[in-house]
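Coordinate inspection notes
Given next are the chains, with one letter for each unit.
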Amino acid sequence: MKLVIIGGVAGGATAAARARRLDESAEIVIYERGQYVSFANCGLPYYIGEVIQERDALLVSTPEMFKGKYNVDVKVMSEAVAIDRQAKTVTVKHLMTGQEITESYDKLILSPGAEPVKPPLPGVDLPGVLSLRSIPDSDTIKALVDSGKVKKAVVVGGGFIGLEMAENLAERGVRITLVEAMDQVMPPIDYEMATLVHANLELKGVDLRLKTRITGFEQAGEGLLVNTEAGDKIECDLALLSIGVRPENELAKQAGLDIGPRGHFLVDNSLRTNDPDIFAVGDAVQIWDYVTGLPVAMALAGPANRQGRIAADNAMGRSTVYRGALGTSVVGLFGQVIASTGPSQKFLEANNVPHMVVYSHSPNHASYYPGSEMMAVKLIFAPGSGRVLGGQIIGGPGAERRIDVLATAAKAGLSVFDLEELDLAYAPPFGSARDPINVAGMVAANMLRGDMKAVTPLAIEDMDPENDVLIDVRFDDEVEETGTIKGSMHIPLPQLRSRLPILDKSKRYLVYCAIGLRGYLAYRIMVQNGFNVVNILGGFGLYRPWLGRAEGAIVDKDQAITLGAAFAAS
């Protein structure tokens, strides 16, 4: 049995190690186009930021290590340039000498990965316009930053690498302008959750420019000008392109393997291509969302690693099924944790998949213990059954632990009713007796049981001024400090019961507080007294970054509507 693997890093290297564990007698060869067969590409921004001090720490394995540990032959700087499926051979070009060889195989695993998108813009090939994919890329960027010549940088793209590079360059003292063509950073999460990230970026001094397209780059002395569609010319010393990746598929195309609409290899649930002896894994493969079964592509190390293991199983004669991925991810950004799992709401809406959402806010550990930070949780679940579909969490330390709980729940088919009852670890430094996951489950379960009718802050934009009334039940000092949503009646929660007789039961009331809990309490008070009422999920804390940036959306406390003014005409 001879197994040839094209490409290393997460998918290919994992496949080789797994294959050796399954068959000690097999001949296994890896061909890697780059200098390094297995390196920590997710660690590259942190090496540039000097969080990771030693460059060698990025090297997960070397050809010598693979040979000694797994008896796998690794050929670096060797690019596969052609596949002859009939002859079952691969033509490989050694990049240092130009020499080509022909390698036979019994089974072939393709793990070519994806390359950074480089748009055909004027000046895109200038020396200061760079991308980050490999260790040599990181060497180039780090040397430039180490030279002290980079005072200002433009990061183009607000995905994983873009955000991590913005943070790490900022930590090196570089002033950052982050340019994103979309209306939000972090595409895997939904817009309203991304607004919490936007606020943090701006708080940390990042010049964030959303809905801004780059039109080209110009040399300006020793620096650069980054030109935008709006006519701006942004001065910088380094422009980092992080606008996405495209699958490396030329080899597959040439071999006649099936390719999907976005250029990814098409595979079955054994990760086999349309050729029974060729498998494919990693960033270049179209897979499917675990929850919905819909086709997706995920450039993430975790799924690539698992795919490599499963492809090796099947290449070596086992029968192992790949069931898709949740796309669980986490990013740290200036002390903020951004975590998500499962399909986003926008993905579900685009594909007409029924779903419900709730928002909850909870401290990451007992609020009385020093250092407590609030985390915003968005839970996405199925109507009726309450099955957990996914979720997004923005907060401080501990958000990554909670997203893993939601990922496990989604994988296991648990419901929001199960989340209510999960027995999760508690001690004051680490959590609360009622964990944020429990709270999110309770809010969702309340909706499904009919204990609460709720809307998102978007409902405020569709209010009927003749029939709908906003009630802010926060305390006086909160409204004094932050203002209130325009058009709101301010009734602090402790005063609500005494003021119910003055309210008009012919109206519909939308109640809100800071994060949702007091709004829920107000809802229960009012609904049991015969009022038509809904609670605004996430409260003022979600409304403010999401919708509150519009001029006049938030007004001073003095402009809150009093009871007398509200009903003087009635």
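Residues numbered from 1 in each chain as written. Predicted model: local features only at pLDDT ≥ 70, side-chain atom pairs only at ≥ 80, totals over all residues. Heavy atoms only, no water.

**Some details on the nonpolar core**
- Of all hydrophobic cores here, the largest spans 111 residues; its most connected members are Ile141, Leu169, Leu201, Leu379, Ile471, Leu503 and Met526.
- Setting aside residues up to four positions removed in sequence, Ile141 forms contacts with Ile48, Leu130, Ser131, Leu132, Met165, Leu238 and Leu240. (Core = buried A, V, L, I, M, F, W, Y, C linked by side-chain atoms within 4.5 Å. Buried < 20%, exposed > 50% of the residue type's maximum accessible area, 1.4 Å probe, protein only. Contact = heavy atoms within 4.5 Å.)

**Digging into the sheet that holds strand 8 (residues 100-104)**
- Here three strands make up an open sheet; going across it, the order is 6-7-8 and the pairing antiparallel. At either end of the open sheet lies a strand with only one pairing partner, and these are strand 6 (78-84) and strand 8. For this sheet the average axis-to-axis angle between neighbouring strands, irrespective of direction, equals 30 degrees.
- Direction of pairing for strand 6 relative to strand 7 (residues 89-94): antiparallel, over a ladder of six bridges. Its bridge partner being in strand 7, Ser78 is matched across the sheet by His94. (Pairing = 2+ DSSP bridges. Helix = DSSP H or I, 4+ residues; strand = E, 2+ residues; numbered from the N terminus. Axes fitted to C-alpha atoms, helices over the stretch in contact; angles between N-to-C directions.)

**As for the pairing of strand 17 (residues 233-236)**
- By the alternation rule, side chains of strand 17 split into Ile234 and Cys236, which are all buried, and Lys233 and Glu235, of which none is buried.
- Across four bridges, strand 16 (residues 223-228) lies against strand 17 in antiparallel orientation. Bridge assignment links Leu224 to a residue of strand 17, and that residue is Cys236.

**A word on the environment of Gln392**
- For Gln392, the position within the fold is in strand 28 (residues 388-395).
- The class of Gln392 is buried, set by a relative accessible area of 1%.
- Sequence separation between Gln392 and Ser329 is 63 residues; the distance between their C-alpha atoms is 9.6 Å.
- There is a polar contact of 2.9 Å between the side chain of Gln392 and the side chain of Asp190. (Polar contact = N/O pair within 3.5 Å; in protein donor to acceptor, adjacent residues only side chain to side chain.)

**Regarding the environment of Ala114**
- Mapped onto the fold, Ala114 is located in strand 10 (residues 114-116).
- Each C-alpha atom, one on Ala114 and one on Val51, is 26 Å from the other, the two residues being 63 residues apart in sequence.
- Not counting residues up to four positions away in its chain, the partners in contact with Ala114 are Arg133, Val245, Arg246, Pro247, Glu248 and Asp283.

**Quick notes on the packing of aromatic side chains**
- Under the defined criterion, the tally for this structure stands at four aromatic pairs.
- With 5.5 Å between their ring centres and 45 degrees between their planes, Phe66 and Tyr70 make a pair best called tilted. One end of the pair, Phe66, and the other, Tyr70, are both in helix 3 (residues 63-70), four residues apart, so they sit about a helical turn from each other. Each member of the pair, Phe66 as well as Tyr70, is classed as buried. (Phe/Tyr/Trp six-rings, centres within 6.5 Å; stacked < 30°, edge-to-face > 60°.)

**Structural notes on the pattern of salt bridges**
- Counted by the stated rule, this structure contains 29 salt bridges.
- For the salt bridge of Glu248 with Arg33, the shortest nitrogen-to-oxygen distance reads 2.7 Å. A residue pair is termed long-range when its members are at least 10 positions apart, and Glu248 in the loop between strand 19 (245-247) and helix 7 (250-255) and Arg33 in the loop between strand 2 (27-31) and strand 3 (38-39) qualify at 215 residues.
- The partly exposed category is assigned to Arg33, whose relative accessible area is 31%.
- Note that Glu420 and Arg449 form a salt bridge whose closest N and O atoms lie 2.7 Å from each other. With a gap of 29 residues between them, Glu420 in helix 11 (residues 416-421) and Arg449 in helix 12 (residues 436-449) connect regions that are remote in the sequence.
- Overall, the relative accessible area of 18% leaves Glu420 in the buried class.
- In this structure Arg449 comes out as partly exposed when scored by relative accessible area, which is 45%.
- Salt bridges sharing partners connect three or more residues here, namely Arg33, Glu79, Arg133 and Glu248. (Salt bridge = Lys/Arg side-chain N within 4 Å of Asp/Glu carboxyl O.)

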